Amino acid sequence: MTTYIIRRALWLIPVVFVVSLITFLLMHAAPGTPFQPTSDRPLPPQVVERLEQQFGLNKPIWEQYFNWIGGIILHFDLGPSYRIRGRDVQEIIGDNVWRSVQLGGMAFALAVIVGIPLGVIAALRQNKWPDYAATFVSVIGIATPSFVLAVLLVLIFSIGLHWFPTSGWKGPEYWVLPTVALSGYGIAQVGRYTRASMLEVTRRDYVRTAQSKGLKERTIVSVHMLRNAFIPVVTILGPLLAGLVTGSFVVESVFAIPGIGRFFVDAIFQRDYGIIMATTLLYAVLIAVMNLVVDVAYAWIDPRIRYS
Amino acid sequence: MAVQSTTVDAKVAERPPASLYRDAFERLRKNRLAIVGGFIVIFLVLLAIVGPFVTPYGYDQLATNQVREFRGPLNPGQGGHLFGTDQLGRDLMSRIMDGARISMTVALVVQVTVLLIGVPLGAAAGWFGGRIDNLLMRFTDIVYAFPDLLFIILLTVVFKDTWFGKAVDGLLLVFVAIGIVSWVGVARLVRGQLLSLKETEFVEAARAIGVPDRRIVTRHLLPNSIGPIIVAITLGIPGAILAESLLAFIGIGATPPRASWGTLILDGQIWMSSEPHLLLFPAIAIALALLSFTFLGDGLRDALDPKLKGKQ
Amino acid sequence: MTATDDDRRADTGSPAVAELPEAVELPESISLETEEGRRLASQLADEKTKHARKLLEVRDLKTQFFTKDGVVHAVDGVDFELDYGETLGLVGESGCGKSVTALSLTRLVPDPPGKIVSGEIIFDGVNIMKLSNEEMRLLRGKRIGFIFQDPMTSLNPTLTIGFQIAESARLHLGLSNRAADDRAVELLSKVGIPRARDRMKDYPHQFSGGMRQRVMIAIALACDPMLLLADEPTTALDVTIQAQILELIRSLSDEFGTAVILITHDLGIAAGMCHRVNVMYAGQIVETGLVDDLFENPRMPYAWGLLDSLPRLDEERGSRLRTIEGMPPDLLRTGGECRFAPRCPYVRDVCRSAEPELTPRQEELHMARCFGTEPGGWIQ
């Protein structure tokens, strides 16, 4: 297992390399430069030249790339921001990324904490009212994109009932609505998968074996069924977590949360290479690490899986 | 212990031969949710095709006759506008129909892109195996590792001002960008299908009588994996529609005055407390599209894979 | 019948010790604290009641499945008895109701769509049809062990086999974790798993099919049950392994004095393992008798057919295996005629006008459901 984790961690290196290379090439293939993003209001050529020299943008592309990569490897330095004078990329994106990740993480936790019991209860009370109630929740979750849910929640709970603030990210009461909005889809998916998987497990031979041992209903469900039912659910958790962390963009824009979303879009418009590269890279690493965690959890739940 | 022993088995009852797909269709027909989903899908497609021709207003047509005294959005039913109008006096129903056109095109273009990339890659990996498989799957892993929303945003913003970025009101770029990050699932699926089908007797039989490889793949392997591919494609559509509307909501995609459902919701958000219809109608449209494709896809999955029957 | 009531009370009470009818006085040498003591005590108790009653009496059992196409009469009026320690075979084609009979005995018929609609099942003096679900649960695994057909799917893939064996010992015998583990190790070596203690922590996928069936046997015997239901225990296994598993079931049931109902479609197995055999057809018992009587002098054309379809060593090579013509009947519609009539080579009008009863034949315990072999019948 340790070998497997190490190998997967090493696999991160080529991933990061390719992701950064593609991002880099894309950025430079685009028309415009950090100091000349559009042709609307051109800076005087001498100024542009001086700035480009200062940031090394006049060098060949491959040299720029290796300087940047070298900076990361040698000094753990993500380089300067081209647009926000005198500040490092690290400083700028640090706080914002953290907020986005926090939002995505909380939404993921909520999706799992609510979705799994929802699916289990629905399966155990198949075709009775708890099942229908759970189905209703997942229908809402599938039918309502996070940004629609976000807007509706603001309409009801902020503007209507004044329970929660409409925007900002200043404390726990500000976290509630964005987290719920973002997790709606996740709750629905986790709930649906759990329900289907539980129903599947109910018909398995080993459940009949457990019954023939005279075990209590509760023991059969908690010891013999849940863990087996989780196995297929775990496979969707990796993509779900990645989706929620990147998807937080949209919810951030509804609640005016100073996360990485708006920042990233602006950076692309302004061709702020440093920030774009750093953000994509950060997310690539984040997603890869989360997938690794999910895979390890998978092996932990299903003893038949042995990575080598 | 007696050495002699035998099994007492009755001959299996003979059944009228029914093809796999006829069986599947019968199962699908009995699934009420899937059928409702299917009808809504047909309705949305028709709406996208003919809707804009039958509405009395264009999606970008301002209510010119009222422009002097115009004070804001019209409520549903006012002034001959069934769904009301937006703040500029544009008919909301017509705009939603145009949005349907965008969403259905997304569904089509993205999934075609997915098929064009995913099926050949997956088939090659599954059929050749070995180093080719390894190489292709590592490539797939890397694409999978891309934070896809970031990548789509990057692509669309970077190429915004090129000819490609301006094609079809700026939509083609968005569609293709979504497609480029979405094919991994189908590629893996096709590969897995081929890997397992490759070992079956009928493929060995085909090989034994000297059917060329190419023909085995195209005539035996791919047709046999078509069920799971259909299911994956159908269930991928809600994701594509969602991605497009999500981008529109953060201001990336169709150039005004064209408006995707995401844009309509973004606009509706501004007026939500006083004019909730501007928010609700587009939200309902998205909900219908997402639900109908999901139910249809679930139904197809249950119908095409009898082993999973009863799951939903 | 007081013993019955006492038993029931004991069953619902502490599962640990109180297994005895109160009337039995224990000699001081027997302590209920030890496993040996409990075994002796229960033997003593058994001795007192053994001759008075059967371990199992099944009366007019009917189990039906309510499906979209109608009611399937899977088990349709089955009567039989089983002595303490006896091995009974239940044989017949697939779909004749033998597995459903076994599931009915433990009330594990999947509901819906299945339901036991009538009948009495008296197990060790207790009518289990009248037990509450909770009382029934305490009987399963403790007094009645179950071995299923497919050992590949009948074990839980996510739990260690040690846990799966120890689990019911902990529950029904009230053993501590360590004592239950010790018991599991003991059982594992009893069923012939080498290095039993080391293998406790292994998962089912680390065992072969035959080994898994050994584990299933260990689970079924974990609480030293009075009755073992073995539903086609060797069908899914290699022929070479089959004999080993059957030998294991036989030796352990002898050692523990466990009664066995062996369900099989394989007459060879039934002949080698059982004292008595019930032949089932279309949800009914069509012939029953001691194994020798039944095999030497079958009194029902269906049983002949089954025996004839066995390949024989004294036959010319290359001769065709015989089969029974036709198909098992549709269990949606039954009654009014002998169920085997459509396939029977000796059929007469009377067979189509009434359903025969299970009536005695000349040997003791030998009964058959056939007009043709009744006294004065047309079949010799």
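Before any of the text, the structure's been laid out above.
My aim in this report is to walk through the structure given alongside it, one point at a time. (Residues numbered from 1 in each chain as written. Chains lettered and ligands numbered in written order. Predicted model: local features only at pLDDT ≥ 70, side-chain atom pairs only at ≥ 80, totals over all residues.)

### Some thoughts on the nonpolar core
Phase 1 of the analysis: If you look at the biggest cluster of nonpolar residues, it comprises 160 residues, and the most contacted ones within it are Phe147 and Ala150 of chain A together with Ile152 and Ile265 of chain B.
Phase 2 of the analysis: Among the elements that line this core, the one with the most residues is helix α9 (residues 217–255) of chain A, at 16 residues.
Phase 3 of the analysis: When near neighbours in sequence (up to four residues on either side) are disregarded, Ile152 of chain B contacts Ala177, Ile178, Val181, Ala243 and Leu247 of chain B.
Phase 4 of the analysis: Core analysis: the next-biggest nonpolar cluster, separate from the first, contains 99 residues, Tyr206 of chain A together with Leu105, Ala169 and Leu187 of chain C among them. (Core = buried A, V, L, I, M, F, W, Y, C linked by C-beta atoms within 7 Å. Buried ≥ 20, exposed ≤ 12 C-beta atoms within 10 Å, placed from the backbone. Helix = DSSP H or I, 4+ residues; strand = E, 2+ residues; numbered from the N terminus. Contact = placed C-beta atoms within 7 Å.)

### Some thoughts on the packing of helix α3 (residues 92–128) of chain B against helix α8 (residues 184–198) of chain B
All names here are of chain B.
Phase 1 of the analysis: The interhelical angle for the contact between α3 and α8, taken along N-to-C directions, is 35 degrees, at an axis separation of 7 Å. In this structure, the crossing between α3 and α8 has a hand that is right-handed. Touching Val114, Leu115, Gly118, Val119, Leu121, Gly122, Ala123, Ala125, Gly126 and Trp127 of α3 are Val186, Ala187, Arg188, Leu189, Val190, Arg191, Gln193, Leu194 and Leu195, all from α8.
Phase 2 of the analysis: Of the residues in the contact of α3 with α8, the class split is 13 nonpolar, four polar and two charged. (Axes fitted to C-alpha atoms, helices over the stretch in contact; angles between N-to-C directions. Left-handed = near helix turned anticlockwise from the far one by under 90°. Nonpolar A, V, L, I, M, F, W, Y, C, P; charged D, E, K, R; others polar.)

### Remarks on the interface of chain B and chain A
Phase 1 of the analysis: The interface is formed by 32 residues belonging to chain B together with 37 residues belonging to chain A.
Phase 2 of the analysis: Of the residues assigned to the side of chain B that touches chain A, the class counts are 23 nonpolar, six polar and three charged.

### Some details on helix α1 (residues 2–29) of chain A
Phase 1 of the analysis: With 28 residues, α1 of chain A extends 41 Å between its outermost C-alpha atoms, agreeing within 8% with the 40 Å of an ideal straight helix rising 1.5 Å per residue.
Phase 2 of the analysis: Those residues of α1 of chain A not exposed but buried are Val15, Val19, Thr23, Phe24 and Met27 of chain A. (Expected span 1.5 Å × (residues − 1).)

### Topic: the sheet that holds strand β4 (residues 114–123) of chain C
All names here are of chain C.
Phase 1 of the analysis: If you trace the four strands from one edge of the open sheet to the other, you get β2-β1-β4-β5, paired in antiparallel fashion. Each end of this open sheet is capped by a strand with a single partner; those strands are β2 (70–82) and β5 (126–127).
Phase 2 of the analysis: Here strand β1 (residues 56–67) pairs with β2 via 10 bridges, running antiparallel. Looking at β2, one finds that Val58 is bridged to Phe80.
Phase 3 of the analysis: Strand contacts of helix α3 (residues 98–105): β1, β2 and β4, with the helix running at about 70 degrees to β2, the strand carrying the most contacts. (Pairing = 2+ DSSP bridges.)

### Quick notes on the pairing of strand β8 (residues 259–264) of chain C
Residues and elements named next belong to chain C.
Phase 1 of the analysis: Of all the six residues making up β8, six are buried; the element is thus mostly covered by neighbouring parts of the structure.
Phase 2 of the analysis: Residue alternation in β8 divides its side chains into two sets, Ala259, Ile261 and Ile263 and Val260, Leu262 and Thr264, and both sets are buried.
Phase 3 of the analysis: Where strand β3 (residues 87–91) lies against β8, five bridges are found, and the strand directions are parallel. By the bridge assignment, Leu90 is partnered in β8 with Ile263.

### Considerations on the environment of Ala134 of chain A
Residues and elements named next belong to chain A.
Phase 1 of the analysis: Along the polypeptide, Ala134 turns up in helix α5 (residues 129–143).
Phase 2 of the analysis: Using a count of 25 C-beta atoms within 10 Å as the deciding quantity, one classes Ala134 as buried.
Phase 3 of the analysis: Sequence separation of Ala134 and Ala297 is 163 residues, and the distance between their C-alpha atoms is 26 Å.

### A word on the sheet that holds β3 of chain C
Each strand in a sheet pairs with its neighbour through backbone hydrogen bonds, running either in the same direction (parallel) or in the opposite one (antiparallel).
Residue and element names in this part refer to chain C.
Phase 1 of the analysis: Here we have eight strands laid out as an open sheet, ordered β6-β7-β8-β3-β9-β10-β12-β11, and mixed in their pairing. In this open sheet, the two edge strands, each paired with only one partner strand, are β6 (144–147) and β11 (359–360).
Phase 2 of the analysis: With respect to the sheet, helix α9 (residues 209–220) is in contact with β6 and β7 (227–231), its orientation differing from that of β6 by roughly 170 degrees.

### Points about the environment of Pro298 of chain C
Residue and element names in this part refer to chain C.
Phase 1 of the analysis: As for its position among the elements, Pro298 is in the loop between α12 (291–296) and α13 (301–308).
Phase 2 of the analysis: The class for Pro298 is buried, based on 23 C-beta atoms found within 10 Å.
Phase 3 of the analysis: Each C-alpha atom of the pair Pro298 and Met280 lies 13 Å from the other, and the pair is 18 residues apart in sequence.

### Some words on helix α4 (residues 89–124) of chain A
Phase 1 of the analysis: In this model α4 of chain A runs 51 Å from its N-terminal to its C-terminal C-alpha over 36 residues, within 8% of the 52 Å that 1.5 Å per residue would give.
Phase 2 of the analysis: Most pronounced at Asp95 of chain A, the bend in α4 of chain A amounts to some 25 degrees. (Bend = angle between axes of the 7 residues up to and from the residue.)

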